[in-house]
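# Observations on the model geometry
Each chain is listed here by its residues.
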Amino acid sequence: AEYMGIKKTKEMADNITKANEYKTLGNQEFSAKNYEAAVQHFTKAIELNPNDNVFYSNRSACYASLSQYDEAYEDAKKCVELKPDWSKGYTRKGLAEFYLGKLDEAIETYQKGLELEPTNTQLQEGLQRAQEEKANKGKGAGMNQFKMQMITQLMQNPKTRQYLNDPDFMQKLDMMQSNPQMIQLLLNTDPRFKEAFGVIFGGMGANFAGGEESPSQEPEQTYEPQSCLLYTSPSPRDRQKSRMPSSA
């Protein structure tokens, strides 16, 4: 019985090690924006260690990048169930709910996350956006799929992401959506829109209105809607090192 217990413990340890290896591969694919490949790696990690909330969080980020918000929601919900005191899980869940049009649920989720981490900027911005969208929807100006896709692209770039917090930019974006003839006017009068369209259409391998292609992202950084940055937990070896007393 003791031998079987030792054998089982070793198998569990091996599975955790292999799962973390798949997570590393998934992180690399995510950074390269190979989201479907990243999903496969995180899925294998989950199969080996289904109790690690980070794997579900990271796969949720991939699904969100693929605009597969139903799947992103299910993984985010599982992440919160496994670790309800981790604020990152609430950013995942709130994002998925927002894009699924579940604005009341998104608002509640962001608020719960802020109870855990009141100063979290990503949660604050998510809550504000959900509340504003709910107010706009009451006026008959709900966000349609095209606008959601544009915002998703803009959120992935650190510079254009800042524009989304500017009421003037968002108002012009709504005006452009309702009147496409304004596109050229905005391109000529507001430099932000030339840059924004470079990001939106440059991500598809094309320039827009003669603009420059959007600059490639820094390889060591990853940008994603509503801070869907992947979380990399320390390895068991690193945790062991952190618990070791420092040398005199």
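Report on the accompanying structure. (Residues numbered from 1 in each chain as written. Predicted model: local features only at pLDDT ≥ 70, side-chain atom pairs only at ≥ 80, totals over all residues. Heavy atoms only, no water.)

With that settled, consider the packing of aromatic side chains. In this description, a pair of aromatic rings is defined by centroid distance and the angle of the planes. Applying the stated rule across the entire model yields 5 aromatic pairs. Arranged with centres 5.2 Å apart and planes meeting at 85 degrees, the rings of phenylalanine 98 and tyrosine 99 form a pair that is edge-to-face. Look at phenylalanine 98 and you get buried, because its relative accessible area is 7%. Clustering of aromatic rings is evident, with ring pairs tying together Tyr69, Phe98 and Tyr99. Across the ring face of tyrosine 73, the terminal group of lysine 102 is positioned such that the distance to the ring centre comes to 4.7 Å. (Phe/Tyr/Trp six-rings, centres within 6.5 Å; stacked < 30°, edge-to-face > 60°. Buried < 20%, exposed > 50% of the residue type's maximum accessible area, 1.4 Å probe, protein only. Lys NZ or Arg CZ within 6 Å of the ring centre and 35° of its normal.)

All right, on to the side chain of asparagine 53 then. Mapped onto the elements, asparagine 53 comes out in helix H3 (residues 53–65). According to the relative accessible area criterion, asparagine 53 is buried, its value standing at 11%. If sequence neighbours within four positions are ignored, asparagine 53 has contacts with Cys79, Leu82, Lys83 and Trp86. (Helix = DSSP H or I, 4+ residues; strand = E, 2+ residues; numbered from the N terminus. Contact = heavy atoms within 4.5 Å.)

Summed over the entire model, instances satisfying the criterion amount to 9 salt bridges. Lysine 77 serves as the salt-bridge partner of glutamate 74, at 3.8 Å between the closest nitrogen and oxygen. Taken together, the residues span about one helical turn, with glutamate 74 and lysine 77 both in helix H4 (residues 69–82) at a distance of 3 residues. Assessed through its relative accessible area of 42%, glutamate 74 is described here as partly exposed. (Salt bridge = Lys/Arg side-chain N within 4 Å of Asp/Glu carboxyl O.)

Attention shifts here to the packing of H3 against helix H5 (residues 87–99). Interhelical geometry of H3 versus H5 gives an angle of 30 degrees and a closest axis separation of 10 Å. The angle between the axes of H3 and H5 places the two elements in the roughly parallel class. Our pair here, H3 against H5, has a crossing hand that is left-handed. On H5, the residues that touch Ser57, Asn58, Ser60, Ala61 and Ala64 of H3 are Lys88, Arg92 and Leu95. The residue inventory of the contact of H3 with H5, partitioned by class, reads 3 nonpolar, 3 polar and 2 charged. (Axes fitted to C-alpha atoms, helices over the stretch in contact; angles between N-to-C directions. Parallel < 35°, antiparallel > 145°, perpendicular 65-115°, else oblique. Left-handed = near helix turned anticlockwise from the far one by under 90°. Nonpolar A, V, L, I, M, F, W, Y, C, P; charged D, E, K, R; others polar.)

The subject of this paragraph is unusual backbone geometry. Residue lysine 33 is not a glycine yet carries a positive backbone phi of 65 degrees. Relative to the assigned elements, lysine 33 resides in the loop between helix H1 (2–31) and helix H2 (35–48). For lysine 33, a relative accessible area of 40% puts it in the partly exposed group. Positive phi, close to 60 degrees, is recorded for serine 67, a residue that is not glycine.

With that settled, consider the packing of H3 against H4. Close contact between H3 and H4 brings their axes to 8 Å; oriented N to C, the two are set at 160 degrees. With respect to their mutual orientation, H3 and H4 come out roughly antiparallel. Seen along the crossing, H3 lies across H4 with a hand that is left-handed. Counting all contacts with H3, which are made through Asn53, Tyr56, Ser57, Arg59, Ser60, Tyr63 and Ala64, the residues of H4 involved are Tyr69, Glu71, Ala72, Asp75, Ala76, Lys78, Cys79 and Leu82.

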